[in-house]
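# Chain and residue survey
Each chain, letter by letter, is given below.
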Amino acid sequence: MFIYRTLLHLLFSFCFLTACAAKPPETAPVSKDFRIVTVLDNLDFPWSLAFLPDGDVLITERNGNMLRYGKDGELHLVSGLPDIHPTGQGGLLDVILDPDFPTNRTIYFSFVAKDNGDYGTEVARAVLDHSSLKNVQVIFRAVPKTSSGIHFGSRLLFAPDGTLIISLGEKGRMREAQNTSNHLGSIIRINPDGSLPHDNPYINRNGYQPQLYTYGNRNVQGIALHPETGKIWFHEHGPKGGDELNILKSGANYGWPAITYGVDYSGAIISEKTALPGMEQPSAYWVPSIAPSGMTIYDGNAFPDWKGNIFIGALVQRHLRRVILQGEQIIDQEILLKDLKERIRDVRTGPDGYLYLLTDSRNGKLLRLEPLSTQ
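Residues numbered from 1 in each chain as written. Predicted model: local features only at pLDDT ≥ 70, side-chain atom pairs only at ≥ 80, totals over all residues. Heavy atoms only, no water.

Across the junction of Val 143 and Pro 144, the peptide omega takes the value 0 degrees, indicating a cis bond. Cis geometry is found at the peptide bond from Val 287 to Pro 288, where omega equals 0 degrees. Along the polypeptide, Pro 288 turns up in the loop between strand E17 (284–286) and strand E18 (292–297). Located in the positive-phi region is Arg 105, a residue other than glycine, with phi close to 55 degrees. (Helix = DSSP H or I, 4+ residues; strand = E, 2+ residues; numbered from the N terminus.)

What follows is the structure, given as structure tokens:
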């Protein structure tokens, strides 16, 4: 067993930058032609941001605050949020706009709710009236709630067909990720009003929650739509090693914890298997862990060389990870902003074509990457 484990760890180290199945290409071109601008600071563990059509920005803080930062530099606290119960890794989490926001002014946000002493992820929608929320409706509640304060998942994305994708963690109860009778360790698909899409993969199957789109997920904190291919990519935290980057597939089992490229934080073996029939293999994985959070697929014009690249924030390794695609193949990666030594919680492509980042700290910052040519 010791020899097996040693060989496996050597293999993990070899596969640090790309999935083992990918042939390493030429070294990625180093990105040096940008500068970092601090847009806003003194944020309290910011978690997500969304750009409004008028140039303002919505920012969530894990403590339960939603902020509206105006293009005029004014900062407003958004009122009308439901009861939010920050605990451990959770609180007020993701926020996105309805695809028809200019018409209906509707936003969607995920947060931690409490019931009988237990905590769980919920998703609500509301109408944004400048700095207040109206007509707040909870459209999804993950079951069961638990006493755990970890692994809430909680990224939101509208799919091309108009359905809402919600990522969930397994709340630290790893075996529950293979239990399809609950929502733990899954990705959810619902209609914007909370109803069930008729073509969900498990909608009429006994022993399955009808909102399930995938299962076997550990803790998904990044998801993005590729603007050219229409594929949805997501990443998730592994344990000690084994963070994954995947393509979303309806009805797929992503294997946690039956298969994994990581070990427990104690060093104990979670599974000796990295593959099993009927379980998806990642497009890439990272050992040691980078602790991925936030994700965008760049589609701006400010950085032409970055078109179609995936950008992922790294919490533990404190950098911005650039993942270069060729079709659906990962051909190279680049580490950016390591000298900042900041935990990067979220990364988004702005409407101006710049990259925007949130740093994860009690003095969190909203940063902007812009090309030097704009000086």
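So much for the structure itself; the text now carries on.
For the rest of this paragraph, the subject is the pairing of strand E14 (residues 220–225). Counting buried residues in E14 gives five out of six residues, a clear majority hidden from the surface. Bridge count between E14 and strand E15 (residues 232–236): five bridges; the pairing is antiparallel. Of the residues in E15, the one forming a bridge with Leu 225 is Ile 232. Counting the residues in the hairpin turn of E14 and E15 gives six residues, including Gly 230, whose phi is positive at 80 degrees. (Buried < 20%, exposed > 50% of the residue type's maximum accessible area, 1.4 Å probe, protein only. Pairing = 2+ DSSP bridges.)

This part takes up the side chain of Asp 94. Structurally, Asp 94 is set in strand E6 (residues 92–97). What makes Asp 94 buried here is its relative accessible area of 0%. Only 2.7 Å separates the side chain of Asp 94 from the backbone nitrogen of Leu 156, close enough to count as a polar contact. If we ignore the near neighbours within four places in the chain, the residues touching Asp 94 are Trp 47, Ser 48, Tyr 108, Phe 109, Ser 110, Ser 154, Arg 155, Leu 156 and Arg 348. (Polar contact = N/O pair within 3.5 Å; in protein donor to acceptor, adjacent residues only side chain to side chain. Contact = heavy atoms within 4.5 Å.)

Attention shifts here to the packing of aromatic side chains. For the structure shown, the criterion picks out twelve aromatic pairs. Relative to Trp 306, the ring of Tyr 298 lies with its centre 6.2 Å away and its plane at 85 degrees, an arrangement referred to as edge-to-face. Of the residues examined, Tyr 298 reaches a relative accessible area of 0% and is grouped as buried. Take Trp 306: its relative accessible area is 2%, and that puts it in the buried class. With a centroid separation of 4.9 Å and 55 degrees between ring planes, the pair formed by Trp 306 and Phe 311 is classed as tilted. Ring pairing ties together the aromatic residues Phe 34, Tyr 298, Phe 303, Trp 306 and Phe 311, which thus form one cluster. Just above the ring of Phe 45 sits the side chain of Arg 62; from NZ or CZ to the centre is 4.6 Å. (Phe/Tyr/Trp six-rings, centres within 6.5 Å; stacked < 30°, edge-to-face > 60°. Lys NZ or Arg CZ within 6 Å of the ring centre and 35° of its normal.)

In this section: the environment of Ile 139. By the element assignment, Ile 139 lies in strand E9 (residues 132–141). Put simply, Ile 139 and Ile 344 are 205 residues apart on the chain and 29 Å apart in space, counted from C-alpha to C-alpha. The residues touching Ile 139, leaving out its near neighbours within four places in the chain, are Tyr 108, Val 123, Ala 124, Arg 125, Leu 164, Ile 190, Pro 192, Asp 193 and Gly 194.

The four strands are arranged E14-E15-E16-E17 in an open sheet whose pairing can be described as antiparallel. The strands lining the two open edges of the sheet, one partner per strand, are E14 and E17. Taken pair by pair, the neighbouring strands of this sheet meet at an average axis angle of 15 degrees, ignoring direction. Bridge count for E15 against strand E16 (residues 243–247) is four bridges, and the pairing is antiparallel. Opposite Glu 236, over in E16, you have Glu 244 as the bridge partner. (Axes fitted to C-alpha atoms, helices over the stretch in contact; angles between N-to-C directions.)

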